[in-house]
Amino acid sequence: MHGVWQDVRYAWRTLVKNPGFTIVVVLAMGLGIGVNASIYTIVRGVLLREPPFPAPDRLVSVETTSRKTGESEPFGCSYPDYLDFHDRARTLESLGAYTETTTYLTLGSEPERFNATFVTASLLPTLGIRPERGRLFLPEEAELGKQYTTMLLSHRVWKDRLNSDPGVIGRTFNVNGRQRTVIGVMPDHFNFPEIADFWLPMAYAANEDTRGAHYLDTVGRLKPGVTLAQANTEVAGIARQLAKDHPKTNDGIGAVATDLHVKLVRHVRTSMIMLLFAVMFVLLIACANVANLMLARASTRQREISVRVALGASRGRIARQLLTESVLVSLLGGVLGVFIAYWSNDLVLGSIPIELPYWMTFTIDGGVLAFTVAISVTAGLLAGLAPVVQGTRRNLFESLKEGGLQGGIGGGHHRLRNGLVVAEIALAMVLLVGSGLMIRSFLRLQEVHGAFDPQGVLTGSVTLPVAVYPRPADRIRFFEELLPRLRALPGVVDASAAAYVPLMRSMSTTGITREGHEDDGPSRFPLTNFSFVMPDYFKTLRIRVRAGREFTAADGPTAQRVAVVNQSAAKLLWPGEDPLGKRFEFGADDTAGWCTVIGVVDDVRAHATNPRVAQVFVPHAQSPGQTMNLLLRSSGDPAALAPFVRNILRARDPNLPFYDVRTLPEGIRQAMWEQRLYAWLMGAYSLIALVIAALGIYGVMAYRVAQRTQEIGIRMALGAPQSAVLRMVVGQGLRLTLLGLGLGLAGAFVVTRFMASLLFGVDPNDPPTFTGVALILGASALLASWLPAWRASRVDPMTALRHE
């Protein structure tokens, strides 16, 4: 131990004597370690930290799979299917279901919108959660017809909006037009599934009409000793039996039991892993750079090392000293990295415009500090390995016979340094290509506006409670009377309403039964996204009608049922055929009759995180929903219309809130925050990698020039022009650059295969991205080579000849 501390003290004195070298290597290591610590903090908070429930490893979700549409990921259950899994699964101790919704109630002077979750009575006990006050739902409170009487409050609403009222249990509130009694207050910070203000009991009619609607999420708890594989086998068997019992809705439908935590983070797992690999590349580039700098420094210490060997120091003792210096530098970089992680985490989390799920916590605690120490030591060993190998394998006694700076510098030394530069360029190439693809994908996602025009459009949501508007005719009349008043507002060019707005909210999924394809086997019931819209919807958003027409006021509840499909739906449902006039039904037993296609429109991406998919639109008057998003296109500032819309709604129904009000471009920007953040982070890490790689090339070429100063002086004294010196030095840098670019391109072709699911409108082998990155990296490398060459070409021959 005494020898180790002696090495540390000597290494510290050596670093203090060379402040310039120390600052550069600590900064390089600090950047690499800092971004790794930052991303690890985020990855740990999302992927590695299990939800805060008792025995979280036993929590699973039963999900649906489909052979009909080639869905790559499982999706939700229908309510009847959930009941069957609940009753038949013997590997599960319990099973609950939930779905998120919007509620409104008046706590102040205005009605407000809140996030609510409908849950079965078994869900919260399955999670192992108990209320802070009161009790949970009783089974009879979640029965059909009895589910409108009780509610659970979140701790946040109880504390912030009700001033921690100790008598809250038993109080009643008007929720969506129904009087509900508070029976409990949930624990602090519990907001499952993500952000919830209230929990309401759920009960629906279970029949064949609802079996094809997959909208429920489930949570089950495995019995003690039961494995996930056993649960998977059982639920798959239940799904096969349901397919036999209900062939119209369940043929081709399977089921899988998924670890709950895996399901909750599924949509971000690939992106998180991609970011983790990106910062690892940055650290490897930093290690290669520091190794190069330490090689250069070690070469100037050959005589010192030889003297120490001559005095009895073993090669192992020399190796330990060099590694100690490298690890010490890396640990100092780790200290800087912690501060960088603190700063970058605040920057990243501050840029997220939404409230994150309560179970995600991002703190730089002991686990993160331990990770930082571990990667600091590992990076130090990696960076110090090359100087150790190069410095201890030579005949060190020859250095005592060689004088000057150049003593002991051989071809192997140069090859090792050149190899490190090539590795830096190759790693930077892979990282920059990945970053370029992410950025181009984000730009393409924004270019999807070309399929519609969001500029000048105001959007906001209105929810009609069933208690106040129980009949479909009531909901139809409300919106049909509302739209003319909105269109009459000054500055309004067009106005409409829809259940879903492009890029802002995911559409619902349903099965389609096509006329003439009732007996096509598993393909007879393809799944599509659907939305109900009002007349002038496509006109208001400037979505082009490719064929046929859009909806009019004549497409009312008593008229022939009609639909408009997008191009993807037309290709999926009627490949190679004209879809106009084709007929289909929603679900397996659609009692309303056949629906006729009257129009085909351009594809518009439904949601920022979903690919462009088949979409079917139906008139609101023929399928009236409770929640509609108003769309008003203005000739002026669309935001100025919001107060007028609220006044019109207040005059119509003073208890209705107008919520989520924003301009459509603002809504789209917020919806795409995740893609924007990933692109920004990848770009930032790539810029760091580019700078470090360029500095590495500059360091190698500057060192080469310093070693060959005398040779350059002789060449110039013999008449070599400056241009020849420039070509010689730049040519060496160019060869290293081309080799690194070639290896990097090959690596990028392999790595980008795993990014395909994250890209929109960009091929993983996108030629412009590969070409552009190669040019940028090549130009940076050439500039880094040219600077030392330029300095070399200006050397005074007489000064160079005296150089030692």
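Our subject is the structure listed above.
Cut-offs used in this document
Residues numbered from 1 in each chain as written. Predicted model: local features only at pLDDT ≥ 70, side-chain atom pairs only at ≥ 80, totals over all residues. Heavy atoms only, no water. Helix = DSSP H or I, 4+ residues; strand = E, 2+ residues; numbered from the N terminus. Buried < 20%, exposed > 50% of the residue type's maximum accessible area, 1.4 Å probe, protein only. Contact = heavy atoms within 4.5 Å. Areas by Shrake-Rupley, 256 points an atom, 1.4 Å probe, with all protein chains shown as cover. Pairing = 2+ DSSP bridges. Phe/Tyr/Trp six-rings, centres within 6.5 Å; stacked < 30°, edge-to-face > 60°. Salt bridge = Lys/Arg side-chain N within 4 Å of Asp/Glu carboxyl O. Axes fitted to C-alpha atoms, helices over the stretch in contact; angles between N-to-C directions. Left-handed = near helix turned anticlockwise from the far one by under 90°. Patch = residues over 30% accessible without salt bridge, like charges linked within 9 Å, V, L, I, M, F, W, Y side chains within 5 Å. Polar contact = N/O pair within 3.5 Å; in protein donor to acceptor, adjacent residues only side chain to side chain. Arc of directions from axis to C-beta. Core = buried A, V, L, I, M, F, W, Y, C linked by side-chain atoms within 4.5 Å.

1. With respect to the overall build of the protein
Link 1 in the chain: The secondary structure content of the protein amounts to 25 helices and 21 strands.
Link 2 in the chain: Evaluated residue by residue, the protein yields a buried proportion of 55% over its 804 residues.
Link 3 in the chain: In the protein, the proportion of contacts linking residues at least 24 apart, taken out of those at least 6 apart, comes to 82%.
Link 4 in the chain: Entry remark: accessible area of the protein is about 33,400 Å², with carbon and sulfur atoms responsible for 59%.

2. Examining the pairing of strand E3 (residues 111-119)
Link 1 in the chain: By the bridge criterion, nine bridges tie strand E2 (residues 92-106) to E3 in an arrangement that is antiparallel. Bridge pairing links threonine 101 to alanine 116 in E3.
Link 2 in the chain: One ladder, built from four bridges, connects E3 with strand E8 (residues 198-201); its direction is parallel. In the sheet register, phenylalanine 118 faces E8, and the bridge partner there is leucine 200.

3. Focus: the packing of aromatic side chains
Link 1 in the chain: Following the criterion strictly, the structure yields 17 aromatic pairs and no others.
Link 2 in the chain: Ring centres of phenylalanine 53 and phenylalanine 190 lie 6.5 Å apart, and the angle between their planes is 70°; this geometry places the pair in the edge-to-face category. Of this pair, phenylalanine 53 sits in the loop between helix H2 (19-48) and strand E1 (59-66) while phenylalanine 190 sits in the loop between strand E7 (178-185) and E8, and the two are 137 residues apart along the sequence. For the pair formed by phenylalanine 53 and phenylalanine 190, the shared burial category is buried.
Link 3 in the chain: Relative to tryptophan 199, the ring of phenylalanine 190 has its centre 5.4 Å away and its plane inclined at 25°; by these criteria the two rings are stacked.
Link 4 in the chain: Accessibility expressed as a relative area gives 3% for phenylalanine 190, which makes it buried.
Link 5 in the chain: Given a relative accessible area of 1%, tryptophan 199 falls into the buried group.

4. Focus on the pattern of salt bridges
Link 1 in the chain: Enumeration according to the criterion identifies 26 salt bridges in this entry.
Link 2 in the chain: For the salt bridge of arginine 211 with aspartate 81, the shortest nitrogen-to-oxygen distance reads 2.6 Å. With a gap of 130 residues between them, arginine 211 in helix H6 (residues 208-211) and aspartate 81 in helix H3 (residues 79-88) connect regions that are remote in the sequence. Each member of the pair, arginine 211 as well as aspartate 81, is classed as buried.
Link 3 in the chain: As a salt-bridge pair, lysine 582 and glutamate 577 come within 2.8 Å of each other at their nearest N and O atoms.
Link 4 in the chain: For glutamate 577, a relative accessible area of 39% gives the class partly exposed.
Link 5 in the chain: What you see here is one network of salt bridges that share partners, running through Asp81, Asp84, Arg88, Arg211 and Asp245.

5. Here's the deal with unusual backbone geometry
Link 1 in the chain: Note that the residue after phenylalanine 192, namely proline 193, is joined by a cis bond; omega there is 5°.
Link 2 in the chain: Considering the arrangement of structural elements, one finds proline 193 in the loop between E7 and E8.
Link 3 in the chain: With a phi angle near 70°, aspartate 536 is a residue other than glycine that sits in the positive phi range.
Link 4 in the chain: Relative to the assigned elements, aspartate 536 resides in the loop between strand E14 (527-533) and helix H17 (537-541).

6. Some details on the pairing of strand E11 (residues 457-463)
Link 1 in the chain: Across the seven residues of E11, seven count as buried, placing the element largely inside the fold.
Link 2 in the chain: Here E11 shows two buried faces, one formed by Val457, Thr459, Ser461 and Thr463 and the other by Leu458, Gly460 and Val462.
Link 3 in the chain: In this structure, E11 lies alongside strand E20 (residues 627-634), joined through seven bridges in antiparallel fashion. Across the sheet, valine 457 pairs through a bridge with arginine 633, a residue of E20.
Link 4 in the chain: Where E11 and strand E21 (residues 659-663) come together, three bridges link them in antiparallel fashion. Residue pairing across strands places serine 461 opposite tyrosine 659, the latter belonging to E21.

7. Focus: the packing of helix H16 (residues 472-487) against helix H19 (residues 642-652)
Link 1 in the chain: For the pair H16 and H19, the least separation of the axes is 11 Å and the interaxial angle reads 145°. Here H16 runs over H19; the crossing is right-handed. Where H16 abuts H19, its residues Phe478, Glu481, Leu482, Arg485 and Leu486 lie against Val645, Ile648, Leu649 and Arg652.

8. Description of a nonpolar patch on the surface
Link 1 in the chain: Among the surface-exposed residues, Leu331, Val373, Val377 and Leu381 lie close enough to one another that they form a single nonpolar patch of about 280 Å² accessible area.
Link 2 in the chain: For the nonpolar patch, the element with the highest residue contribution is helix H13 (residues 366-392), accounting for three residues.
Link 3 in the chain: Its place among the elements puts valine 373 in helix H13.

9. Remarks on the side chain of serine 496
Link 1 in the chain: On the secondary structure map, serine 496 appears in strand E12 (residues 492-498).
Link 2 in the chain: Here the side chain of serine 496 touches tyrosine 537 through a polar contact of 3.2 Å, landing on its backbone nitrogen.
Link 3 in the chain: Residues in contact with serine 496, not counting those within four places in the same chain, are Leu483, Met534, Pro535, Asp536, Tyr537, Thr540, Asn629, Leu630 and Leu631.

10. Description of H19
Link 1 in the chain: Those residues of H19 lying buried are Ala642, Val645, Ile648 and Leu649. One side of H19 holds all its buried residues, which, seen down the axis, span an arc of 125°.
Link 2 in the chain: In this structure, the buried residues of H19 make contact with E11, H16, E20 and E21.

11. A closer look at the environment of aspartate 578
Link 1 in the chain: Relative to the helices and strands, aspartate 578 resides in the loop between helix H18 (567-573) and strand E17 (583-586).
Link 2 in the chain: A sequence separation of 22 residues divides aspartate 578 from valine 600, and the C-alpha atoms of the two residues are 9.8 Å apart.
Link 3 in the chain: From its side chain, aspartate 578 meets the backbone nitrogen of leucine 580 in a polar contact 3.1 Å long.

12. Structural notes on the nonpolar core
Link 1 in the chain: Of all hydrophobic cores here, the largest spans 88 residues; its most connected members are Leu127 and Phe190.
Link 2 in the chain: Put simply, the parts of the chain that give this core at least two residues each are H2, helix H4 (123-127), helix H9 (260-264), helix H10 (266-299), helix H15 (411-447), helix H21 (673-707), helix H23 (722-751) and helix H24 (767-793).
Link 3 in the chain: Ranked by residues supplied to this core, first place goes to H21 with 14 residues.
Link 4 in the chain: Counting 44 residues, the second-largest nonpolar core is a separate cluster that includes Ala497, Tyr500, Ile512 and Phe586.

13. Comments concerning the environment of tryptophan 158
Link 1 in the chain: Along the chain, tryptophan 158 turns up in helix H5 (residues 155-161).
Link 2 in the chain: A relative accessible area of 5% means that tryptophan 158 is categorised as buried.
Link 3 in the chain: Along the chain, tryptophan 158 and aspartate 197 lie 39 residues apart, while their C-alpha atoms are 9.2 Å from each other.
Link 4 in the chain: Those residues within four positions of tryptophan 158 in sequence are excluded, and the remaining contacts are Glu132, Arg133, Asn163, Ser164, Asp165, Val168 and Val185.
Link 5 in the chain: Within the structure, the side chain of tryptophan 158 is placed 2.8 Å from the backbone oxygen of aspartate 165, a separation counted as a polar contact.

14. Things to note about the environment of glycine 581
Link 1 in the chain: Mapped onto the elements of the fold, glycine 581 is located in the loop between H18 and E17.
Link 2 in the chain: Put simply, glycine 581 and alanine 563 are 18 residues apart on the chain and 9.8 Å apart in space, counted from C-alpha to C-alpha.
Link 3 in the chain: The contact partners of glycine 581, leaving out residues within four places of it in the chain, are Thr596 and Val597.

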